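So the chains spell out like this:
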Amino acid sequence: AQSVTQLGSHVSVSEGALVLLRCNYSSSVPPYLFWYVQYPNQGLQLLLKYTSAATLVKGINGFEAEFKKSETSFHLTKPSAHMSDAAEYFCAVSDQDTDKLIFGTGTRLQVFP
Amino acid sequence: DGGITQSPKYLFRKEGQNVTLSCEQNLNHDAMYWYRQDPGQGLRLIYYSQIVNDFQKGDIAEGYSVSREKKESFPLTVTSAQKNPTAFYLCASSVRPGGTQYFGPGTRLLVL
């Protein structure tokens with residue numbers, strides 16, 4: 001069965017610094033991969049998704065993620081953090097056998113002025 | 001505006017009471033999902049429906065029930081058998097099973 005691991009439940013950066021949120025998946029077969037963002041007391045919003053068309057995926061709000069098959073990773077990055085980026089971020093993988101989404105446990109991003 | 005709505009935003013449950021959370025979508029999506037979110041545990045799938053009049057149990061279905069009588073509606077009932085119902089509940093939908101899921105704003109359930 002598919003699984004996804006997000007390294008680091010909390011990440012803190014200064015405003016203007018690089019944001020790097022890590023995600024590793026378990027399958028050797030390239031799956032569909034997603035990053036979602038959740039602001040306090042709100043639903044999840046899709047940031048970006050990988051569907052095998054390109055290994056570097058650009059999303060909303062200046063975020064991007066790179067799919068690396070050899071490392072089974074799909075890390076999320078942003079060159080320069082803004083205060084408004086403070087939120088919880090979830091990586092998810094689509095299980096092609098069950099058509100379900102498998103979510104990581106989330107990473108809370110704090111941005112300091 | 002197309003989207004997913006959930007109501008109410010906050011819901012209070014008394015001991016032994018069943019409560020129903022509403023989820024409606026006007027995106028014409030076939031598949032709909034219910035998740036439970038607890039701090040530090042990510043999202044856990046309660047029930048999902050791939051088509052009208054059909055639904056399947058997810059990973060934590062005990063103490064919950066659903067119906068899918070209309071394409072746009074997928075209500076979740078938290079029964080008295082669910083002993084720890086306090087959580088944030090999220091509804092989602094996708095064009096087809098396995099497709100990109102889009103989420104509603106959530107309902108927070110609290111126990112009195």
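We now turn to the structure provided with this report.

Procedures and definitions
- Residues numbered from 1 in each chain as written.
- Chains lettered and ligands numbered in written order.
- Predicted model: local features only at pLDDT ≥ 70, side-chain atom pairs only at ≥ 80, totals over all residues.
- Heavy atoms only, no water.
- Buried < 20%, exposed > 50% of the residue type's maximum accessible area, 1.4 Å probe, protein only.
- Helix = DSSP H or I, 4+ residues; strand = E, 2+ residues; numbered from the N terminus.
- Pairing = 2+ DSSP bridges.
- Disulfide = S-S within 2.5 Å.

## What to know about the pairing of strand S3 (residues 19–25) of chain B
Working note: regular strand, side chains alternate between the two faces of the sheet.
Residues and elements named next belong to chain B.
Then comes step 1: Side chains Val 19, Leu 21, Cys 23 and Gln 25 of S3 all project onto a buried face; the interleaved residues Thr 20, Ser 22 and Glu 24 project onto a face where none is buried.
Then comes step 2: With 4 bridges joining them, strand S1 (residues 4–7) and S3 adopt antiparallel strand pairing. Within the sheet, the bridge partner assigned to Ser 7 lies in S3 and is Ser 22.
Then comes step 3: Judged from the 3 bridges that link them, S3 and strand S8 (residues 76–78) form a sheet pairing that is antiparallel. In the sheet register, Leu 21 faces S8, and the bridge partner there is Leu 76.

## Remarks on the state of the cysteines
Residue and element names in this part refer to chain A.
Then comes step 1: All told, the structure shown has 2 disulfides over all chains when counted by the stated rule.
Then comes step 2: A sulfur-sulfur distance of 1.9 Å marks the disulfide that ties Cys 23 to Cys 91. What sets the handedness of the Cys 23 and Cys 91 disulfide is the S-S torsion sign, and at about -60° it is left-handed. You can see Cys 23 sitting in the loop between strand S3 (19–21) and strand S4 (24–25) and its partner Cys 91 sitting in strand S10 (residues 87–95), a full 68 residues away along the chain. For the pair formed by Cys 23 and Cys 91, the shared burial category is buried.

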